[in-house]
Amino acid sequence: MYIEQILTSFIASAAFGMIFNAPKQSLIQCGFAGMVGWMLYIWLQDIGVLRVAATVVAAYCVTLISSIFAKKYRKPIIVFSVSGIIPLVPGGLAYDAMRNAVENQYDQAVQSGAAAFMMSGAIALGLLLSEVTNQIIRKIMISKAS
Amino acid sequence: MEDSLQKEREIMKVCLLAGQIMLQSGAETYRVEDTMMRIASSYGIDHTHSYMTPTGIIFSLEDPQPMTRLSRITERTTNLYKIDRVNTLSRQISRGELSIAEAYRELKEIERTQAIYPLWLNVLMAAVASGCFLIMFRGTWLDFVPAMLAGGIGYYCSVLLHRLVPVKFFAEFSGALMIGLCAVLFVKYGFGQARDIIIISSVMPLVPGLLITNAIRDLMAGHLVSGLSKGAEAFITSFAIGAGIAFMLSIQ
């Protein structure tokens, strides 16, 4: 069960790297970032964590891993983070909202739409927390060096 | 005096071209600003100001002579390779390894390079990603090939139409329309099982993931105008995709 998830999330994220023209030598890292994010997301959900909270943690980890890769391989962080975040984007919920709206079930549509909005907010929160962590680490490093 | 003015013009050209390439390739606004500022300061101009939106850059040098230029950005795609190249170039410049003329030549070359992967590979990757997303969204392996086909066809269709008609909204709408059509037909003739999950996973290559993350990053970095307009672009794209699918579902 988890094996196929690991495999497919790795391939999907690396494939997204290729669609976005990521440099050849960073495709493996793109796949890795996406894989870790997705595995965290589904594992947290399996042990009963709410979807929004799972998204925050997953987005946080993807960005953190991306920033480590960015430093190590001297590439812009965006190269790694984009393909890792893509699986977390609430495409399914947005689709549900749209379909329900077309079928005139507006109450359902509003529910899915609000859920999709919350998920995007969760991604944003994950990114924000990761950025803050990054800055704190940098400040500590600088104050230690001086 | 004339000499320094000439030099300033050249520096301006290099900075603006670097910024333009990055912004067209989908870099975050703060990175573009930072890169332009760094290039200018490594060529000896320390006081610079930039104002950036997804549709244009205003860049201004203060000394020795105040000079401001505007550069219009009409087309935005996602090309991480170009962002990486310009980033490497700006590092080289700050280490003092490149003269102004060399840097300009290099940038022109980066601007000319097209996608590093051929179109067929991109379409294949979109197909593979769609298939993988189906498994990730807990679909059955029976639907793997239908999702691959729908995703590949939809992506190819949107790329092709975008070359014919320069209206992004329309290209994405038609891509989604094709995906909806494929999914409905596959399920109708027993080739696929779960229509909804096939559609969700094959739509993923069209979803504006980069725009969404960039919009959030820009907003958090205080680039409110850029963040809001990128968010609006992401919303329009999602709406185009949703409208295409919805259209197909409503007429089936």
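Definitions and cut-offs
- Along each chain, the written sequence defines residue order, and numbers are assigned to residues from 1.
- For naming, the first written chain is A and the first written ligand is 1, with later ones following in the order written.
- Local features are withheld for residues below a pLDDT of 70 in this predicted model, meaning they are given only at 70 or higher, and side-chain atom pairs are given and counted only at 80 or more; totals for whole chains, interfaces and linings count all residues.
- By convention in this description, side-chain values take in all heavy atoms of the structure and omit both hydrogens and water.
- At least two bridges found by DSSP between two strands is the condition for calling them paired.
- Helix and strand definitions follow DSSP, with helices as H or I runs of at least four residues and strands as E runs of at least two, each counted in order from the N terminus.
- Geometry is summarised by axes, namely lines fitted to C-alpha atoms with helices restricted to the contacting stretch, and by angles between N-to-C directions that run from 0 to 180 degrees.
- UniProt positions are given in the numbering used here, feature names are shortened, and annotations may be inferred rather than shown by experiment.
- The contact criterion used throughout is that any non-hydrogen atoms of two residues lie within 4.5 Å.
- Each of two parts loses accessible area, computed with a 1.4 Å probe, when they are put together; buried area is these two losses added.
- Salt bridges, as used here, are contacts in which a Lys or Arg side-chain nitrogen is within 4 Å of a carboxyl oxygen on Asp or Glu.
- For this scheme, ten residues count as nonpolar: Ala, Val, Leu, Ile, Met, Phe, Trp, Tyr, Cys and Pro. Four count as charged, namely Asp, Glu, Lys and Arg, and the remainder, Gly too, count as polar.
- Relative accessibility under 20% of the residue-type maximum defines a buried residue, over 50% an exposed one, and the middle range a partly exposed one, all with a 1.4 Å probe and only protein chains included.
- A score between 0 and 100, pLDDT records how confident the predictor is in each residue.
- Only rings of Phe, Tyr and Trp enter the pairing, Trp through its six-membered ring, and a pair is recorded when the two centres are within 6.5 Å. The plane angle decides the type: under 30 degrees is stacked, over 60 is edge-to-face, the rest tilted.
- To sit over a ring, a charge needs its Lys NZ or Arg CZ within 6 Å of the ring centre and within 35 degrees of the ring normal.

(A) Fine view of the sheet that holds strand β1 (residues 48-53) of chain B. Residue and element names in this part refer to chain B. Strands sit in the order β1-β2-β3 across an open sheet of 3 strands; the sheet is antiparallel. Strands at the two margins of the open sheet, each flanked by one partner only, are β1 and β3 (67-72). Across the sheet, the axes of successive neighbouring strands diverge by a mean angle of 10°, strand direction being ignored. Of the pairings in the sheet, the one linking β1 to strand β2 (residues 56-61) comprises 6 bridges and is antiparallel in character. Paired with H49 across the two strands is S60, which belongs to β2.

(B) A look at the UniProt feature "domain: Threonine/Serine exporter ThrE" (unreviewed entry) in chain A. In the numbering used here, UniProt assigns the "domain: Threonine/Serine exporter ThrE" (unreviewed entry) feature to residues 5-132 of chain A. The span residues 5-132 of chain A is 82% helical and 0% strand by assignment, and the distance between its end C-alpha atoms comes to 30 Å.

(C) Representation of the interface of chain A and chain B. With 43 residues of chain A in contact, the opposing surface of chain B contributes 52 residues. Approximately 4,300 Å² of surface area, both sides summed, lies buried where chain A meets chain B, with 71% of it carried by carbon and sulfur atoms. Its largest share of buried area at the contact with chain B, chain A owes to I19, N21 and Y95 of chain A, together 16% of the area lost on that side. Between chain A and chain B we count 2 salt bridges in total. One salt bridge connects R99 of chain A with D196 of chain B, and the closest N-O pair in it is separated by 2.4 Å. Those elements giving two or more residues to the side of chain A that touches chain B turn out to be α1 (2-19), α2 (27-46), α4 (78-85), α5 (91-102) and α6 (106-145) of chain A. It is α1 of chain A that contributes the most residues to the side of chain A that touches chain B, 10 residues altogether. Here the residues of the side of chain A that touches chain B are counted per class, giving 28 nonpolar, 8 polar and 7 charged.

(D) Broad picture of the pairing of β2 of chain B. All names here are of chain B. Of all 6 residues making up β2, 5 are buried, and the element is well covered by its neighbours. The turn joining β1 and β2, which pair antiparallel and follow one another in sequence, is formed by 2 residues. Pairing geometry for β2 and β3, over 6 bridges, is antiparallel. Bridge pairing links L61 to M67 in β3. Linking two consecutive strands that pair antiparallel, namely β2 and β3, is a turn of 5 residues.

(E) How the structure looks around the UniProt feature "transmembrane region" (unreviewed entry) in chain B. With numbering matched to this structure, UniProt assigns "transmembrane region" (unreviewed entry) to residues 115-138, 169-191, 197-220 and 232-251 of chain B. For residues 115-138 of chain B, helix accounts for 75% and strand for 0%, while the C-alpha atoms at its two ends are 33 Å apart.

(F) Here's a closer look at the UniProt feature "domain: Threonine/serine exporter-like N-terminal" (unreviewed entry) in chain B. The UniProt feature table records "domain: Threonine/serine exporter-like N-terminal" (unreviewed entry) at residues 14-251 of chain B. The annotated region residues 14-251 of chain B carries 68% helix and 8% strand content, and the separation between its end C-alpha atoms amounts to 53 Å.

(G) Quick look at the UniProt feature "transmembrane region" (unreviewed entry) in chain A. Residues and elements named next belong to chain A. Listed under "transmembrane region" (unreviewed entry) in the UniProt record, and renumbered for this structure, are residues 27-44, 50-70, 77-95 and 115-137. Taken end to end, residues 27-44 has its terminal C-alpha atoms 26 Å apart, with 100% of it in helix and 0% in strand. In this annotation, residues 115-137 is assigned 100% helix and 0% strand; the end-to-end C-alpha distance for the span is 33 Å.

(H) Representation of the confidence of the model for chain B within the structure. Residue and element names in this part refer to chain B. With 100% of its residues at a pLDDT of 70 or more, chain B has an overall mean of 89. The weakest mean pLDDT in chain B belongs to helix α9 (residues 209-220) at 80; the strongest belongs to helix α5 (residues 119-136) at 93. Both scores are given for the predicted complex: the pTM is 0.88, the ipTM 0.88.

(I) Main features of the packing of aromatic side chains. The full count for this structure, using the stated rule, is 12 aromatic pairs over all chains. Seen from their ring centres, F69 of chain A and F80 of chain A are 5.6 Å apart, and the 55° between their planes marks the pair as tilted. Here F69 of chain A is found in helix α3 (residues 51-73), whereas its partner F80 of chain A is found in helix α4, with 11 residues between them in sequence. Note on F69 of chain A: relative accessible area 12%, which makes it buried. Members of the aromatic cluster, connected to one another through ring pairs, are F16, F20, W38 and Y41 of chain A together with F133 and F137 of chain B. Across the ring face of Y104 of chain B, the terminal group of K13 of chain B is positioned such that the distance to the ring centre comes to 4.9 Å.

(J) Representation of the pattern of salt bridges in the model. Residue and element names in this part refer to chain B. If you walk through the whole model with that rule in mind, you get 11 salt bridges over all chains. A salt bridge links D34 to R38; the shortest N-O distance between them is 2.9 Å. Placement of both D34 and R38 in helix α2 (residues 29-42) is noted, with a separation of 4 residues, approximately one turn of the helix. You can call R38 partly exposed: its relative accessible area is 44%. Close ionic contact of D218 with K230 constitutes a salt bridge, the shortest N to O distance being 3.0 Å. In this pair, D218 sits in helix α9 while K230 sits in helix α10 (residues 224-251), placing the two residues 12 residues apart along the sequence. We note that D218, like K230, is buried.

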